[in-house]
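Each chain, written out:
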Amino acid sequence: MTQGREPLTIMDGNLQTDFSTKTKRGVYLSKGLAFVIFVIFALALVATAFIVYNFAACPRTDQLANVTKFELTNCEQSKLLVIPLSTENSKIVVESTTSHVESTTKDDENAVTDVRLPTNIRPDRYYIKLTPYIFEGNFTFDGEISIIITVKNKTNKITFHGVELTFHRIELYKKEDGKEIKIIRKTEDVPRQFHIITTAESLIAGQQYVLNISYTGILNDNLHGFYRSSYEEKKVKRWIAVTQFQATDARRAFPCWDEPALKARFTISIARPSNMTSVSNMNIIGKEAHDTLKDYIWDHYAESLPMSTYLVAFAVTDFGNMSDNNFSVWARKEALPSAAYALDIGPKILKFLEEYYKIKFPLPKIDMIALPDFKAGAMENWGLLTFREIAMLYDNGVSPTTAKARVASVVAHEIAHQWFGNLVTPAWWSDIWLNEGFASYVEYVAVDAVEKSWKLMEIFILNEVQSVFKLDALTSSHQISVEVSNPEEIGAIFDKISYGKGSAILRMMNHFLTDDVFNAGITDYLNAKKYGDAEQRDLWSALTNVAREKNAFDADVGVVMDSWTLQTGFPVLTITRDYKKGSITFKQERFVLINDTLNENNSSVWWIPVSYTTASEKDFKSTRPKLWLRGERSIIVDNISISENDWFIANIQQTGFFRINYDQRNWQLLIKVLNNPSRFEEIHPINRAQIIDDAMNLALSGRLDYKTALDISSYLFHERSYVPWKAGLVALGYIDTMLSKGAYYLEYKSYVLRLLSGAVQDLGWEVAMNESVVRAQQRADLLSTACHLQHVECLEHAVRLYTNWMLTPNPDAYNEIHADIRSTVYCVGVQAGGAREWRFAWDRFLMASAPSERELLLSVLGCTRAPYLLYRYLDLSLRNDSGIRKQDTVKVFSAVASSSIGEPIAFNFVRANWQRLKE
């Protein structure tokens, strides 16, 4: 229909036929002509519907090599054919069927919510042979796979996963007698990433069958599945092929049942060029020449223990390696010496965790490999741990001291997974928090045991408790255990809530159960579920049983922990003392940064373990709870012995995942002791950090006045311990942001610089030999803050060091700036300078080979105040030829957005380049 009263015309090429009768007032049609037009229109609709049905109703067919072509006149005939096949030596027969098969298309993708596989088939064993072609112009791989499957329920359909795989041949046999089973249909459900084959006869429950598939895949450059990576050595580009399958990308490398509970045994063979090596989950048991490729060799690996598909891994590289008995590290030959520390600490952590779990590591070896391109920080593939280079390589003298702690922590995290995650695996991704939370907790326990002087359990409070509070206090947070369905949702839950909050509540449970009960329960759980899958209730059950056996805890652990895992957020516990009667009221409510009507009506309550001490006791060692809020909104306790002039502190060593608020008088008692230079250390450093972090965030949420919070922060003038200082700097950071563009920022700067003066003077710029990790981190944080607040001496010293480095004849070979202070010096140098200083840092980035130096330079390039340089930097991060790897693009945006100048620039760039970012 068109608007107005113009003649109705039918266009046929250049011919225009006018069927209308013109009058002065418009267009009129006779009844007969109108009927003819109506009939033509109806026939056009029918024809269109037929065409749409012909294409849309027919299932999508695989793209196979040498397909048999069938010419069909309409969709009723074409329904019988949904699998094109190889015409040569094919064992699959296509038969006619009149049943309708529904096909999903990309248009349905947004509607897909359930991506779970049918439960009628279970894989038992995979035999995989892969031949990757690692050279430009090809970047594909050929695969042959035989899968032994067991039928659980009678069916004539086999559904499995596969993405970006081109199938050449599919065969199905009965394992018992080798009888061929005819396959009559093969369809692909694209949104669910399913392949579905239909057999001519029903598969019998309890019987085993062998599914053979030959196929070709892509060595992609998207850092998932079986992908390609490259690096330069002596200006020669070298290619490697590696894997990253978690969470749902094993299906990009081989057809499989790609769900964590569907464990199977894997026998893998990798064909690789003779000048390269391969490595996989298990040990090599044989080698032989490739039968068709002259310069290729087959590496055959031992059969694995039962494991999930996402833990399968293999790599084909030209790397070098170093070994310590059954423990080996792999890296670029040029970078291999930097893997020495990982090789030193890895076996120590493995030994500690064998004793911690009381279960021997079940595989014959462990390999750790540092990869130039890697999407995650590291991955716990069973027996083959893969790392981003920065997470595994430590170069003494080039890497900062803190990088040593990072390597140790990441190595410990991945080794912890070898039991908790690999030996026992979550049944579905909704319980991934248990996997990641436990490894995030145990990494601190393990490193604290191996590197005792670092006191990493104190750092845990900063990294895994207080930092998570900030996210979990938002109304947009989510519960730890969350239902997920499609791959996008699964990927989204690998976040700070799953890792950080998960580890924090496990630490809380450890403390209220005691080490003895906690460790015994973990061992029982692992032994009961090994080589299988589990849900969080299985762990709660094991811990409850041990606790009751040892008379250590009278409640059901599941009831306690469900209040923490199945609810969003965390509580603030308000403690109000009646100083005349001596009673104390404990009241809980959900803590949110922005109080709104939603929170006012929130009925969430938690089981809260409350440990405490008083000024007369000063017992900061006992972290077991002395009382509980058992899902109660509030309780009144009148049997606590405390003088009215004594302070009261709850949540010893911040073992509980909740904030504490006090009545005003108790806050004043804490202010008095903290601001006394001779008495503030009566309070444990973790609790000092807790008090300042709680006070500042309570003020931010409107539960405490800012005068009280700032009175507490003023004690930092005589504080020298790192953990309270870091907590204070982070808490004050919000005020810094809010005041930075206002009239009173000068007063704020003066206040914080006065607090910093003593600690900065004590630390200085000179770094001692063998300095502790904690002291190195404290120096970096305090100097960075001092320069940020334009401390004159700090700025002058940093600029002088950076300028001297620029004047060095060979700055890439000679850099006298100590690695522990480079972050501050580089950032100030770039910030205070212009294009010349920025370009110098950019050139150093392009020339740097040490991962820690490259990562540092990526961050400091965002320190410039010149908008055009920031825009240029963001644009470079999206260019393939810039030298910035895909894995580092996010780091560039983070570096730019971290300043008040760069934040709107980054946001505007994202909006203006959204399509480029998506691609």
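Figured I'd write up the structure that's included with this text. Just so you know, these numbers come straight off a predicted model, no measurement behind them.

Calculation rules
Residues numbered from 1 in each chain as written. Predicted model: local features only at pLDDT ≥ 70, side-chain atom pairs only at ≥ 80, totals over all residues. Heavy atoms only, no water. Buried < 20%, exposed > 50% of the residue type's maximum accessible area, 1.4 Å probe, protein only. Helix = DSSP H or I, 4+ residues; strand = E, 2+ residues; numbered from the N terminus. Pairing = 2+ DSSP bridges. Phe/Tyr/Trp six-rings, centres within 6.5 Å; stacked < 30°, edge-to-face > 60°. Axes fitted to C-alpha atoms, helices over the stretch in contact; angles between N-to-C directions. Patch = residues over 30% accessible without salt bridge, like charges linked within 9 Å, V, L, I, M, F, W, Y side chains within 5 Å. Areas by Shrake-Rupley, 256 points an atom, 1.4 Å probe, with all protein chains shown as cover. Salt bridge = Lys/Arg side-chain N within 4 Å of Asp/Glu carboxyl O.

## Looking at the pairing of strand S9 (residues 183–189)
Every regular strand shows the same layout, with side chains that alternate between the two sheet faces. Of all seven residues that make up S9, seven are buried, and the element is covered over most of its length. For S9 and strand S10 (residues 194–203), the ladder comprises six bridges, and the chain directions are antiparallel. Directly across from Glu188, in S10, lies its bridge partner His195. Once S9 ends, the chain turns through four residues before running back antiparallel as S10, passing Gln193 with a positive phi of about 60 degrees.

## Regarding the packing of aromatic side chains
Scanning the entire structure with this criterion turns up 54 aromatic pairs. When the ring of Trp564 is compared with that of Trp606, the centres are 6.2 Å apart and the planes differ by 45 degrees; the resulting orientation is tilted. Taken as a pair, Trp564 in helix H12 (residues 557–565) and Trp606 in the loop between helix H13 (597–600) and strand S28 (607–610) lie far apart in primary sequence, 42 residues in all. An aromatic cluster of at least three residues, connected via ring pairs, comprises Phe352, Tyr356, Tyr357, Phe361, Trp419, Phe420, Phe438, Tyr441, Tyr444, Phe460, Phe518 and Tyr525.

## A word on the sheet that holds strand S33 (residues 659–662)
Pairing between the strands of a sheet comes from backbone hydrogen bonds, and it takes one of two forms, parallel or antiparallel. Reading across from one edge, S31-S27-S26-S33 is the order of the four strands in this open sheet, with mixed pairing throughout. At either end of the open sheet lies a strand with only one pairing partner, and these are strand S31 (634–637) and S33. Ignoring strand direction, the axes of neighbouring strands in this sheet form an average angle of 20 degrees. Pairing analysis gives four bridges linking strand S27 (residues 584–590) to S31, with the strands arranged antiparallel. Considered in S31, the bridge of Lys587 is made with Ser634.

## Comments concerning a nonpolar patch on the surface
Where nonpolar side chains cluster on the molecular surface, the patch consists of Tyr706, Tyr734 and Met738 and spans about 290 Å² of accessible area. Mapping Tyr734 onto the fold places it in helix H17 (residues 722–739). The partly exposed category is assigned to Tyr734, whose relative accessible area is 36%.

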